[in-house]
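# Chains, contacts and geometry: an overview
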Amino acid sequence: MLAYIIQRVGQSALVLLIVGLVAFSMFRFVGDPIDNMLGQERTAEDIDRLRAQLGLDQPFVVQYYKFLEGAVQGNFGVSYRQGRPVAEILLERAPATLELAMVSGVLAILFGIALGVFTAIRRDGLLANVIMSGSLIGVSLPTFLIGILLIYLFSVELGWLPSFGRGETVDLGGWSTGFLTESGLKALILPSITLGLYQMTLIMRLVRSEMLEVLRQDYIRFARARGLRDRAVNFRHALKNTMVPVITVIGLQLGAIIAFAIITETVFQWPGVGLLFINAIQFVDIPVMAAYLMLISVMFVGINLLVDILYFFIDPRLRADRSGGH
Amino acid sequence: MADPVLSIRDLSVEIPTRHGIVRPVDGVSYDIAAGEILGVVGESGAGKSMAGNAVIGLLNPPAHISKGEIWLNGKRIDHLTGDAMRRLRGKEIGMVFQDPLTSLNPLLRIGDQLTETMLTHLPISRSEAEKRAVAALEEVGIPGAAERVNSYPHEFSGGMRQRVVIALALCAEPSLIIADEPTTALDVSVQAQIIALLRRLCRDRGTAVMLITHDMGVIAEATDRVAVMYAGRLAELGPVRDVLTHPQHPYTHGLMASTPLASQGKSRLHQIPGAMPRLDAVPDGCAFNPRCPHATDKCRQAPVPRVSNGQAACWYPLVEEKVI
Ligand SMILES: Nc1ncnc2c1ncn2[C@@H]1O[C@H](COP(=O)(O)OP(=O)(O)OP(=O)(O)O)[C@@H](O)[C@H]1O
Ligand code: SF4
Ligand SMILES: [Mg+2]
């Protein structure tokens, strides 16, 4: 077990190094921040001074090393645009994105699994077929369109929910949360549905097909032949086996939710890191872009690592194979 | 003789298909008494499993019982559905499947699978069920049962897993066991042990057994009576010794001649020419007539009467001296 985890952590570190290289390369090859930071009236000294101040005059390898050294400590330099430390800006923005992603993820997982199980157990039922057809819409409509439709319906026509922003937030020791105010909660509804719908339908369709496969297995037939109740057969025996392959995908989808938050945050003007990133692109604010890339990849890698470790607790066969026993 | 545990009367199973209705089980009748082992033989596709599934109420739709009756311990069960039938499964009728590698849930400890089954059917406490789970494993010959209850299926060999499957099938003490080719997937070396185990447990408890198999050696060793199926119908039914040594039905005769056990001493295995008809093309009259060396016009036209014990479904049953 320990060897396995060390191996996986090593792989994760390698992935992060490579992403770090890509992120860092942007400093060299994308635009020239000096152009953006200094207006039209600039002198050659101004440029040199700023270059030195930003460390842009040093060799590539040294800069990369410094970048990594800083990144490990959470130091991504200073935003070209805002002139403040990137880490500070990200920390300010992170709660908005994380809360949105969390609500979307929980919705997607809960409803995805529940509907997947339902449509698998009642595969020939009318309602199950309606849900399956409806899910095609969820998979095929682009996220921004779903967002705009929801805004049109619930904000413009019905006027029930806000169409942009986070509503009121409460500051909890540096973490600004929208969970504690009514307007904050209301503001979460449309964006989290927009963000989570695609993942929910994906999870649902996957759970359904895996579960149908599992329900065909001999051990399910044997469980029925032993007279176990439908509830035990479906949930204890079938669902658990269904979840083994589904968990990986769920993990990837959680990562995707955080990444796709860019679109949803733009549609709803949600003040999270995604919106920050979009604005950073417009201004070629490379430290912010690089830090955002690193942040997203750390989350992807972290979630994957968690998923792999989770496998150990779900599937006894892995425990045996990997630890070399039996 | 006391009432049989299982009594099947004129049972038919039908499946609607694109090419019309097929009848994988067609007018089959037999009884199994307490403590008796009935062997069911026949070519692949003869309807052996289908008949067993009909008894335990696990036919896959659209297959369904279209005719006949099934009686278990004096109660009629063929019309039971849903929860009423579920209560019988495991409690009154146990089932052992062919492949022990796939019949156990890989994610649950075998002890949990045992206690779960007992707690579903028996009015006992969890700790009592746990105690009985260990005893059940001991009974089927699993060494170190007290620790092994905590093992997962993949930690057992194939033969040991089939012992676990048998323990599971028997743990709520059913009066009938349906064993559908319980040794086909196993190593030859452990097949005999598993059959001996099944036989001993059922004899001790007076459990009736429907033992579906292709193995004439198993039939000869373990069963009391044999039912021979052909194209969904019962070709012959009788005490094992009679059927093996003096088969009355030409199909049974061919079947015996084509198995190594019965042909010892002969230089070549005798093969029945042709193949069993597809279910959507069963010939008129006797289903075996295209392959039968004794077939006459009568066989090709008149349906043969259904058999009862000690009989063959044949217009011209073989007598002892007759040689093909
Ligand atoms: N859904 C179906 N539609 C049509 N025919 C079917 C269907 N399912 C099974 N059958 C037919 O039912 C017949 C009986 O099958 P069954 O499994 O009972 O045979 P068996 O005697 O157990 O054979 P084996 O020795 O291979 O296990 C087979 O001929 C099979 O082709
Ligand atoms: S009834 Fe006729 S065709 Fe059928 S087995 Fe007997 S002799 Fe052969
Ligand atoms: Mg079969």
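Residues numbered from 1 in each chain as written. Chains lettered and ligands numbered in written order. Predicted model: local features only at pLDDT ≥ 70, side-chain atom pairs only at ≥ 80, totals over all residues. Heavy atoms only, no water.

We now examine the overall build of chain B. When you go through chain B residue by residue, the secondary structure sums to 12 helices and 11 strands. For 324 residues, the compact-globule estimate of 2.2 N^0.38 gives 20 Å, and chain B sits close to it at 20 Å. Each principal axis of the C-alpha distribution contributes one length, and for chain B these read about 65 × 45 × 40 Å. With 324 residues in all, chain B has 55% of them scored as buried. Here the contacts in chain B between residues at least 6 apart in sequence split such that 64% fall between residues at least 24 apart. If you sum the accessible surface of chain B, you get close to 13,900 Å²; carbon and sulfur atoms cover 51% of it. Charged side chains of chain B number 33 positive and 35 negative; the gap between the two group centres comes to 2 Å. (Helix = DSSP H or I, 4+ residues; strand = E, 2+ residues; numbered from the N terminus. Rg over C-alpha atoms; globule rule 2.2 N^0.38 Å. Buried < 20%, exposed > 50% of the residue type's maximum accessible area, 1.4 Å probe, protein only. Contact = heavy atoms within 4.5 Å. Areas by Shrake-Rupley, 256 points an atom, 1.4 Å probe, with all protein chains shown as cover. Lys, Arg positive; Asp, Glu negative; His and termini not counted. Charge placed at Lys NZ, Arg CZ, Asp CG, Glu CD.)

Moving on: the site of ligand 2. Taken together, 13 residues sit near ligand 2, with B:Cys286, B:Cys292, B:Cys299, B:Cys314 and B:Trp315 positioned nearest. Partitioned by chemical class, the residues of the shell around ligand 2 number 10 nonpolar, three polar and no charged. (Near = heavy atom within 4 Å. Nonpolar A, V, L, I, M, F, W, Y, C, P; charged D, E, K, R; others polar.)

Our next topic: the interface of chain A and chain B. With 23 residues of chain A at the contact, the number on the chain B side is 30 residues. Here chain A meets chain B over a buried area of about 2,500 Å², counting both sides, of which 56% is carbon and sulfur. The three residues of chain A that bury the most area against chain B are A:Arg221, A:Phe222 and A:Arg226, which together make up 28% of that side's buried surface. Joining chain A to chain B, the criterion identifies one salt bridge. For A:Arg236, the salt bridge goes to B:Glu116, with nearest N and O atoms at 2.8 Å. Seen at the junction of chain A and chain B, the total is 15 residue pairs in polar contact (both at pLDDT 80 or more). For the side of chain A that touches chain B, the class distribution of residues is nine nonpolar, four polar and 10 charged. (Buried area = accessible area lost by both parts, 1.4 Å probe. Salt bridge = Lys/Arg side-chain N within 4 Å of Asp/Glu carboxyl O. Polar contact = N/O pair within 3.5 Å; in protein donor to acceptor, adjacent residues only side chain to side chain.)

Within the structure shown, the criterion is met by seven aromatic pairs over all chains. Considering the side-chain rings of B:Tyr230 and B:Phe288, the 5.1 Å spacing of their centres and the 85 degrees angle between planes classify their relative orientation as edge-to-face. Note that B:Tyr230 is positioned in strand 9 (residues 225-230) and B:Phe288 in the loop between helix 11 (250-257) and helix 12 (297-301), a separation of 58 residues in sequence. Like B:Tyr230, the residue B:Phe288 is buried in the burial classification. Each ring, one from B:Tyr251 and one from B:Phe288, has its centre 5.3 Å from the other, and the planes form 70 degrees; the classification is edge-to-face. With a gap of 37 residues between them, B:Tyr251 in helix 11 and B:Phe288 in the loop between helix 11 and helix 12 connect regions that are remote in the sequence. Each member of the pair, B:Tyr251 as well as B:Phe288, carries the same accessibility label: buried. Grouping aromatic residues by their ring pairs yields a cluster made of B:Tyr230, B:Tyr251 and B:Phe288. Residue placement shows A:Arg81 over the ring face of A:Phe283; its charged tip is 4.3 Å from the ring centre. If you follow A:Arg226 out to its NZ or CZ, it ends over the ring of A:Phe222, 4.6 Å from the centre. (Phe/Tyr/Trp six-rings, centres within 6.5 Å; stacked < 30°, edge-to-face > 60°. Lys NZ or Arg CZ within 6 Å of the ring centre and 35° of its normal.)

Moving on, we get to the pairing of strand 1 (residues 6-17) of chain B. Residues and elements named next belong to chain B. Sheet topology places strand 1 next to strand 4 (residues 64-72); seven bridges connect them, and they run antiparallel. Opposite Val 13, over in strand 4, you have Ile 65 as the bridge partner. Note that strand 1 and strand 2 (residues 20-32) share eight bridges and pair antiparallel. Within strand 2, the residue paired with Leu 11 across the bridge is Val 28. (Pairing = 2+ DSSP bridges.)

Let us now look at the confidence of the model for chain B. Summarising the model, chain B shows a mean pLDDT of 88, and 94% of its residues fall at 70 or more. Highest mean pLDDT in chain B belongs to strand 8 (residues 208-212) of chain B (96); lowest belongs to strand 11 (residues 311-312) of chain B (82). (pLDDT = per-residue confidence, 0-100.)

B:Tyr30, B:Leu176 and B:Met210 are the most contacted members of the largest nonpolar core, which has 105 residues in total. Setting aside its immediate chain neighbours within four residues, B:Leu176 contacts B:Val5, B:Leu6, B:Ile32, B:Val55, B:Leu72, B:Glu92, B:Ile93, B:Gly94, B:Thr207, B:Ala208, B:Val209 and B:Met210. Counting 37 residues, the second-largest nonpolar core is a separate cluster that includes A:Phe24, A:Ile258, A:Ala261 and A:Met289. (Core = buried A, V, L, I, M, F, W, Y, C linked by side-chain atoms within 4.5 Å.)

Residues and elements named next belong to chain B. Summed over all chains, the structure comprises five cavities of 30 Å³ or more. Every residue lining the largest cavity is counted, 15 residues in all, and those nearest its centre are Arg 233, Leu 234, Ala 235, Val 304 and Ala 313. Where the lining of the largest cavity is concerned, the elements lending two or more residues are strand 2 and strand 10 (233-239). Tallying contributions element by element places strand 10 first for the lining of the largest cavity, with three residues. Taken together, the residues of the lining of the largest cavity sort by class into 10 nonpolar, two polar and three charged. Here the second largest cavity defines a volume of roughly 70 Å³. Lining the second largest cavity are His 249, Pro 250, Cys 286, Phe 288, Asn 289, Cys 292, His 294, Ala 295, Cys 299, Cys 314, Trp 315 and Tyr 316. For the lining of the second largest cavity, the per-class residue count stands at nine nonpolar, three polar and no charged. (1 Å grid on protein atoms, 1.4 Å probe; cavity = no way out; pocket = protein on both sides within 12 Å on 5 of 7 lines; lining within 4 Å. Points joined across faces, edges and corners; volume = space filled by probe spheres on them.)

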